[in-house]
Amino acid sequence: MSLSAAPEQTTLHPPGAKRAISLETVGMTKIFGSLVALEDVSITVEAGEFHALLGENGAGKSTLVKCIMGFYQPTRGQLMINGHEATIRHPKDASAAGVGMVYQHFTLVPCLTAAENMVITRTDVPAVIDWKKEVAGLEAFMEGMPFRVPLNRLVSDLSAGEKQKLEILRQLYLDERFLILDEPTSVLTPAESDEVLGLLRQMTEAGDITILMITHKFREVSAFADRVSVLRRGRYVGGGAVSELSTNEMSRMMIGEAEIRKSAERDMTVTSPTSLTLSGVVVAGSEGKAAVDHVDLTVQGGEIVGIAGVSGNGQSELVEALAGQRPMTGGSVAINGEPFDCSRGAYHKFKVFGLPEEPLRNAAVRRMSVAENIAFRSFDKPPLASLGWWLKPSEMRTKAAGLIERYRVKTPSPETPIENLSGGNVQRAILARELSHEVNVLVVANPCFGLDFASVAEIRAQIMDQRNNGAAVLLVSEDLDEVLELSDRVAVMSEGRITHVASAAKADRNTIGKYMAGH
Amino acid sequence: MTSEMLATILISMLGGAIRVSTPFMFVALGETLTEKSGRINLGLEGNLILGAMVAYAVSYQTGSPWLGVLAAGFSGVFLGLMHGVICSLPRVNDIAVGIAMMSFGTGIAFFFGKPYIQPSAPRLDGLPLGGWTDDSALAQALDINPLFFVGIAVAFVMWWALANTRIGLIVRMTGDSEASARAMGVEPYKVRIMSTAVGGFLAGVGGAFLSLSYPGSWNEGLSSGQGLMAVALVIFARWHPLRCIVAALLFGAAGALGPALQSVGISAGYYFFNAAPYILTLFIMIASARATSSARGAPGELSIVK
């Protein structure tokens, strides 16, 4: 291209600075074997636009952006950049064309400093790096940026918000003018999200960059995006200017006609003698500091207490301690006033059940069969075993088959290794194991992470059913909307402490957001 | 104990530390590089012994000990490449391969080394840095092999290169986050094969020191697990090349304790004091396994960390 040879216009922007670029997919189709992941998707993103790509998990959003980025080669279809056909075979080609992506999982190297992470991404790193010059260059670059990150700190010492900012800064440093952001706010507090998205929005308005943001949060779409495209089951199902679309219209496009189980009614008359009491619970973290720092909390039967917080503030450690996966270094847990030691025996005695986050990792053995995984609670008790050690595999299979049907777990057979199931079905299999008994106490962590709408509604309804049956439910979730929807009371966890407790009816997003941010 | 005896012990420990630490330093630096790239090579004991044999044989055949050192390095590259390539096959565990490579390296060294146990090969000359002193013990302690300084230079170069060169950053990136490396178009297995090969070279040179300087002959009992102890030493040095020097000197001094005490006539507990490095290894492993904060420097992709 001869664009670079064109005479420079005098503008507000420094000479040679690239401007926002436009991008268009034409009839993009991607077929994996017999699965059509993407079918004839055409979207247009104008230069300087803030474009939202909305869709459920599995709707084809990631496939689309991976085709744009050159991770996949589309089966059919064409990519246009600035109105010209572009062939992108590798992420490097995308980068050369000015298209960069910020992934949902950080791609920063934890043991390198922020500056080292920025420099190593460049394609023209010299064999010997002159750090004085590079740091001066980085500082000059940072001057022109809306947000900053300390350059000489190790990435492992940065907060999640700083890491996310660094990921974005790195793309801008590479002079990418079309940024794809994959759920960029999942690790940020509401205030941080607004800050980052607001600043990026200003850059699009100035015509410096174009943004394509994958998200499922309507609030962010309404507040920051100019236009939206909605995908469902691999197809483009609608879109347009955000100002002309209501949240309802967008959600209908996203979900389609699929029937969603109504959230179970909250029964306000439940009374139950059960109670779960945490007193001064301390759990050591991996760095020697306390990850959970003197948490006091009581959950009554017939009540859901939701713990809100930005991920990494001690929630996982608390749940792991309650599950017996991590030792408590202080404090105690009592159920109905009796001490509870988080052992399997105590779990059985007090009828405590749990749905940990990432069930495939925390609540299942990947290579064991679905039937065996479903039997973890009862394999050594009658009728699945005699004398506590003589197991009866046939009984186990029969029982599993019944539960698989009742909880609609989609599996080729009860003998299939559980790792072959989709995320939603693993979650259902674990639900079948944990909820098919009488439940007194239920500990749930991020139960709907990465699931489609139908599964989400079903799982939330199941949790509500348990509450209505008198169980004491402790819900830990990074999704504030989920916490507000399900809980009777909301507690906020920040830096290992419960900093705020409020009844959900009176809870207010802004106050909770402030406490989440540690103020 | 008189102050004269104490001085003798300290001087001979100084000399011993310098002599004994050199192979530790080379193996530990090689292992540091390999582990920085995200692999563990437990087979460096094999590199050490094969290096010792090759160095001695080449020195005997050509009459040039430095040619022997170079050949020892390349025998290490051979074993390192083999380890690196085998570990790059899908679902191969680097620790298991390391143990196999240790037996393999030791085995071929004994097999080809049989004819060289008797003959005497030209050895590496030390640098007589003690010419200024009249104290013959001190002068002897300061008769330092050039490889010791080469080792220190390698440590500084590695420390500098890991922070200031593109290759250094790529090695650290690969060792800490394979996903990031792939995202940047780096092929992790290539980086790891190269790092293991270079690490193997250093361990081979460490072996050359054993047969050509101290103890200074080739026999089958030459290395007594130094290659394995050096791996523990890397953890103690927390994957830092400069701390490897300090750690190697500490291990060297511990190894010199028994002979030093014997030199002043204390022979009670000789075998116990000779075991000092092993005991030190044990305590270091316990201490470093307990302190969770010491795991901070560990490269994230190491199979023992994951």
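About the thresholds
Residues numbered from 1 in each chain as written. Chains lettered and ligands numbered in written order. Predicted model: local features only at pLDDT ≥ 70, side-chain atom pairs only at ≥ 80, totals over all residues. Heavy atoms only, no water. pLDDT = per-residue confidence, 0-100. Contact = heavy atoms within 4.5 Å. Salt bridge = Lys/Arg side-chain N within 4 Å of Asp/Glu carboxyl O. Helix = DSSP H or I, 4+ residues; strand = E, 2+ residues; numbered from the N terminus. Buried < 20%, exposed > 50% of the residue type's maximum accessible area, 1.4 Å probe, protein only. 1 Å grid on protein atoms, 1.4 Å probe; cavity = no way out; pocket = protein on both sides within 12 Å on 5 of 7 lines; lining within 4 Å. Points joined across faces, edges and corners; volume = space filled by probe spheres on them. Nonpolar A, V, L, I, M, F, W, Y, C, P; charged D, E, K, R; others polar. Pairing = 2+ DSSP bridges. Axes fitted to C-alpha atoms, helices over the stretch in contact; angles between N-to-C directions.

## Let's talk about the confidence of the model for chain A
A residue-level look at chain A finds 94% of positions with pLDDT of 70 or above and a mean pLDDT of 86. In the predicted structure, residues 1-16 of chain A sits below a pLDDT of 50 and forms five contacts with residues beyond four places in sequence or in another chain.

## Brief notes about the pattern of salt bridges
Residue and element names in this part refer to chain A. The final tally for this structure, using the stated rule, is 35 salt bridges over all chains. Measuring nitrogen to oxygen at the nearest pair gives 3.5 Å for the salt bridge that ties D194 to R219. With a gap of 25 residues between them, D194 in helix α6 (residues 190-205) and R219 in helix α7 (residues 218-224) connect regions that are remote in the sequence. On the basis of relative accessibility, which here comes to 32%, the residue D194 falls in the partly exposed class. Measuring nitrogen to oxygen at the nearest pair gives 3.3 Å for the salt bridge that ties K349 to E338. Note that K349 is positioned in helix α10 (residues 344-350) and E338 in strand β15 (residues 338-339), a separation of 11 residues in sequence.

## A word on empty space enclosed by the protein
Residues and elements named next belong to chain A. Tallying each qualifying case throughout the model produces four cavities of 30 Å³ or more. In this structure, the largest cavity occupies an estimated 70 Å³ of space. For the largest cavity, the full set of lining residues is S311, G312, Q315, S316, V319, E357, A445, N446, V476, S477 and E478. Element by element, the count of residues in the lining of the largest cavity is highest for helix α9 (residues 315-322), at three residues. Classifying every residue of the lining of the largest cavity by side-chain character gives three nonpolar, six polar and two charged.

## Topic: the sheet that holds strand β10 (residues 235-241) of chain A
Residue and element names in this part refer to chain A. Taken in spatial order, the six strands of this open sheet run β6-β7-β8-β3-β9-β10, and their pairing is mixed. With one partner strand each, in any of the chains shown, β6 (99-102) and β10 form the two edges of the open sheet. On average, each strand axis in the sheet is tilted by 20 degrees relative to the strand beside it, whichever way the strands run. Relative to strand β9 (residues 227-232), strand β3 (residues 50-54) is paired through four bridges, and the arrangement is parallel. Across the sheet, residue L54 finds its bridge partner in β9, namely V230. With respect to the sheet, helix α5 (residues 160-173) is in contact with β6 and β7 (178-182), its orientation differing from that of β6 by roughly 170 degrees.

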